[in-house]
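Summary of structural features
For reference, the chains in residue letters:
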Amino acid sequence: MPLSIDLLPESTLRDVIGLLVRLIESAGALIIFIGAVWAFVQFVLAGMRTGRRVAGFNRIRLSLGRFLVLGLEFQLAGDVLRTAVAPSFAEIGQLAAIAAIRTALNYFLGREIANERAELDENNKAATS
């Protein structure tokens, strides 16, 4: 006689996880939105200033890239959580495709951020020499 303890019925668990997924995905969307607004404000301010415009724009792009990477990580976390309770093969396939796309985006954004950071460091060294 197997012992089975049901803390929550599956339907309740699905409802709770659905709420958590919406919260996590909303947090990701909010992070991306805040990053875009911040980058836009910085872009406008940098456009009004004279002098080192290129370095200013590169810094803005780096910061926006960081917001995008963080927001995408939250979105991926929501997708993983969505498939936590008895996923179907179709849901697993969708998760794999979404994870692959978002991981590729994160990889290329991370690489772009690293390249921009190296370029900024190189420019700063040249400016101080």
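Residues numbered from 1 in each chain as written. Predicted model: local features only at pLDDT ≥ 70, side-chain atom pairs only at ≥ 80, totals over all residues. Heavy atoms only, no water.

This model, assessed by the stated rule, comprises 3 aromatic pairs. Judged by centre distance (6.3 Å) and plane angle (40°), the ring pair of Trp38 and Phe67 falls under tilted. Separated by 29 residues along the polypeptide, Trp38 in helix α1 (residues 10-48) and Phe67 in helix α2 (residues 53-82) bring together distant segments of the chain. Relative accessible area serves as the criterion here: at 34%, Trp38 is assigned to the partly exposed category. For Phe67, a relative accessible area of 25% puts it in the partly exposed group. (Phe/Tyr/Trp six-rings, centres within 6.5 Å; stacked < 30°, edge-to-face > 60°. Helix = DSSP H or I, 4+ residues; strand = E, 2+ residues; numbered from the N terminus. Buried < 20%, exposed > 50% of the residue type's maximum accessible area, 1.4 Å probe, protein only.)

What follows is about a nonpolar patch on the surface. Taken together, the side chains of Leu30, Phe33, Ile34, Val37, Phe40, Val41, Phe43, Val44, Leu45 and Met48 present a nonpolar region at the surface, about 950 Å² in accessible area. As for its placement among the helices and strands, Leu30 is situated in helix α1. When its relative accessible area of 48% is taken as the criterion, Leu30 is described as partly exposed. (Patch = residues over 30% accessible without salt bridge, like charges linked within 9 Å, V, L, I, M, F, W, Y side chains within 5 Å. Areas by Shrake-Rupley, 256 points an atom, 1.4 Å probe, with all protein chains shown as cover. Salt bridge = Lys/Arg side-chain N within 4 Å of Asp/Glu carboxyl O.)

Attention shifts here to the confidence of the model for the chain. Overall, the predicted model of the chain reaches an average pLDDT of 83, with 91% of residues at or above 70. Averaged pLDDT values for the elements of the chain fall to 82 in helix α3 (residues 89-128) and rise to 91 in α1. (pLDDT = per-residue confidence, 0-100.)

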